[in-house]
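# A closer look at the structure
These are the residues of each chain, in order.
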Amino acid sequence: MTESRKAATAARMYDYYLGGSHNFPADREAADYVIERYPFIPEAARANRAFVVNAVRHLSESGIRQFLDIGSGIPTVDNVHAIARQIHPETRVAYVDIDPVAVAESLDILDGDDLAVAVRGDVQQPQAVLDHPEVRRLLDFGRPIGVILAAVLHFVPEHRAAEEAVGTLVGSVVPGSRFIMSHSATESFELFTAAEDVYQRRTSTPGTVRTRAEVERLFTGLELLEPGVVWAQEWRPGVAVEKVESPRLGGIWAGVGSKP
Ligand SMILES: C[S@@+](CC[C@H](N)C(=O)[O-])C[C@H]1O[C@@H](n2cnc3c(N)ncnc32)[C@H](O)[C@@H]1O
């Protein structure tokens, strides 16, 4: 494997699917390879992002004024802080990503913003994320937090590790906190026959897919808000996403849970 191939990252490939400009030739090449095998991927990315926007808006309307966004990616349009501050201008947001480029881009965008930070962290080490001094400084763990785990847990292949990571986060926030989660769907990817994991070969974050039941299990310890875990396009649609032939081709399970 050449270095340029390995240099692709999930964050920049996602940016490319969304039509962003924060990506390099290695990312585009790897992303095109994925699109050839799973043509619905750019649409899945857009549906996922629209879900995040709708869910963040819902949380803000419910009174949440601070967010912990893990696997936040490269900020393109509709950043979490921008959406939430349309409702509560003082909303605080801690962005966390494993990719140093995503963190650097986020810091650029947040320049001079006292109510938002971007730090490097791994969702598989949630305690380190929770203990990060910047995260502690910004967020008040004595008040409800909106935790966003959007399109990131599919980079944690081990079910148990993913469930434990969510469990640690659930255990560390107060009742009334909410979890926004989305995840690539086994039910969509099995329609296609790609035999390899491009993320495994070309990036440092191997990918996986989960069934609806497996995604529902990630909400253990939380009360799922209506309509439960559904296709991303179907979760209280607000931001318009293009109609798909079949929601199954949306490729993303999505849901929001509340800590009782
Ligand atoms: C598909 S993007 C999702 C971005 C954003 N959350 C959204 O839904 O629009 C996935 C992001 O997860 C990040 N990521 C992958 N593995 C991670 C890990 N173990 N810990 C934290 N971030 C991770 C990638 O770098 C990438 O930025």
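Notes on the structure in this doc start here. As the structure is a computational prediction, the values presented were derived from the model and not from experiment. (Residues numbered from 1 in each chain as written. Predicted model: local features only at pLDDT ≥ 70, side-chain atom pairs only at ≥ 80, totals over all residues. Heavy atoms only, no water.)

## Considering the overall build of the protein chain
The cut-off we apply is this: In this description a helix means any DSSP run of H or I spanning at least four residues, a strand means any run of E spanning at least two, and both kinds are numbered starting from the N terminus. C-alpha atoms define the radius of gyration, and 2.2 Å times the number of residues to the power 0.38 defines the globule rule. Whether two residues touch is decided by their heavy atoms; if any such pair falls within 4.5 Å, the residues are in contact. Surface exposure here means Shrake-Rupley accessible area, sampled with a 1.4 Å probe, where a residue is shielded only by the protein chains that are shown. Neither His nor the chain ends contribute to the count of charged residues, in which Lys and Arg are positive and Asp and Glu negative. Positions of charges follow a simple convention, taking NZ of Lys, CZ of Arg, CG of Asp or CD of Glu.
Along the protein chain, the regular secondary structure elements total twelve helices and eight strands. A globule of 260 residues ought to have a C-alpha radius of gyration of about 18 Å, and the protein chain, at 17 Å, matches this closely. By principal-axis analysis of the C-alpha atoms, the protein chain measures approximately 45 × 35 × 35 Å. Pairs at least 24 apart in sequence give 75% of the contacts found in the protein chain among residues at least 6 apart. Approximately 11,400 Å² of the protein chain is accessible, and the part contributed by carbon and sulfur atoms is 51%. Looking at charge distribution, the protein chain has the averaged site of its 26 positive side-chain charges lying 2 Å from that of its 36 negative ones.

## A short note on the site of the ligand
Condition: Proximity is defined per residue: any heavy atom of the residue falling within 4 Å of a molecule or strand makes that residue near it. Think of a polar contact as two N or O atoms within 3.5 Å of one another; within protein, one of them needs to be a possible hydrogen donor and the other a possible acceptor, and neighboring residues in sequence only count if both atoms come from side chains.
Lining the immediate surroundings of the ligand are 19 residues, of which Tyr14, Asn48, Arg49, Gly71 and Asp97 lie closest. At 3.5 Å from an oxygen atom of the ligand is found a main-chain nitrogen or oxygen belonging to glycine 73. A distance of 3.4 Å separates a nitrogen atom of the ligand from a polar atom in the backbone of isoleucine 98. Within the complex, 97% of the 600 Å² of free accessible area of the ligand lies under protein. Only α2 (10-17) and α4 (41-61) provide two or more residues apiece to the shell around the ligand. The element contributing the most residues to the shell around the ligand is α4, with three residues.

## Focus on the pairing of strand β5 (residues 178-184)
Which entries qualify depends on this criterion: Classification of residues uses two cut-offs on accessible area relative to the type maximum, computed with a 1.4 Å probe and protein chains only: under 20% is buried, over 50% is exposed, and between them is partly exposed. Paired strands, in this sense, are two strands between which DSSP finds at least two bridges. For crossovers, right-handed means that the path from the first strand over the helix to the second runs clockwise, given strands pointing away from the viewer.
For β5, a buried count of seven out of seven residues is recorded, marking the element as mostly surrounded by other parts of the structure. Covered by surrounding structure in β5 are Arg178, Ile180, Ser182 and Ser184 together with Phe179, Met181 and His183, the residues of both alternating faces. The sheet contact formed by strand β4 (residues 146-150) and β5 spans five bridges and is parallel. Its bridge partner being in β5, glycine 146 is matched across the sheet by arginine 178. What joins β4 to β5 is helix α9 (residues 159-171), and the crossover it makes is right-handed. For β5 and strand β8 (residues 252-258), the ladder comprises seven bridges, and the chain directions are antiparallel.

## A short note on the side chain of serine 258
On the secondary structure map, serine 258 appears in strand β8. For serine 258, a relative accessible area of 9% puts it in the buried group.

## Quick word on the pattern of salt bridges
Two side chains bearing opposite charge may form a pair once their charged atoms approach each other closely. Here is the rule we go by: We define a salt bridge as a contact between a side-chain nitrogen of Lys or Arg and a carboxyl oxygen of Asp or Glu at a distance within 4 Å.
All told, the structure shown has six salt bridges when counted by the stated rule. Linking arginine 85 and aspartate 113 is a salt bridge whose minimum nitrogen-to-oxygen distance equals 2.7 Å. Of this pair, arginine 85 sits in helix α5 (residues 80-85) while aspartate 113 sits in the loop between α6 (100-109) and β3 (116-120), placing them 28 residues apart in sequence. Glutamate 164 is the salt-bridge partner of arginine 160, the closest N and O atoms lying 3.4 Å from each other.

## A few points about the nonpolar core
Spelled out, the test is: To qualify as a nonpolar core, a set must consist of buried Ala, Val, Leu, Ile, Met, Phe, Trp, Tyr and Cys residues joined through side-chain atoms within 4.5 Å.
Tyr17, Phe51, Val56 and Phe67 are the most contacted members of the largest nonpolar core, which totals 46 residues. Once you skip the residues sitting within four places of it in the chain, valine 56 turns out to touch Phe67, Val80, Ile83, Ala84, Ile148 and Ile180.

## Here we look at the packing of α2 against helix α3 (residues 25-37)
Using the following cut-off: Axis lines are fitted to C-alpha atoms, over the contacting stretch for helices. Their N-to-C directions set the angle, which ranges from 0 to 180 degrees. Roughly parallel covers angles under 35 degrees, roughly antiparallel covers those over 145, roughly perpendicular covers 65 to 115, and oblique covers all other angles. Handedness of each helix crossing follows the sense of rotation of the near helix against the far helix: counterclockwise by less than a right angle gives left-handed, clockwise gives right-handed.
Following both chains from N to C, one finds α2 and α3 inclined at 65°, their axes separated by 9 Å at the closest point. Taken together, the axis directions place α2 and α3 in an arrangement best described as roughly perpendicular. As for the relative orientation of α2 and α3, their crossing is right-handed in sense. Contact with α2, carried on its side by Arg12, Met13, Tyr16 and Tyr17, involves Asp27, Arg28, Ala30, Ala31, Asp32, Val34 and Ile35 of α3 and no other residues of that element.

## Thoughts on the pairing of β4
For a regular strand, side chains alternate in direction, first toward one face of the sheet and then toward the other. Most of β4 is tucked away, with five of its five residues classed as buried. With burial as the criterion, each face of β4 is covered, one bearing Gly146, Ile148 and Ala150 and the other bearing Val147 and Leu149. By the bridge criterion, three bridges tie strand β1 (residues 66-70) to β4 in an arrangement that is parallel. Its bridge partner lying in β4, phenylalanine 67 is registered against glycine 146.

## Observations concerning the side chain of serine 60
With respect to the helices and strands, the residue serine 60 is situated in helix α4. Here serine 60 is in contact with Phe67, Ala84, Ile87 and His88, once residues within four sequence places are set aside.

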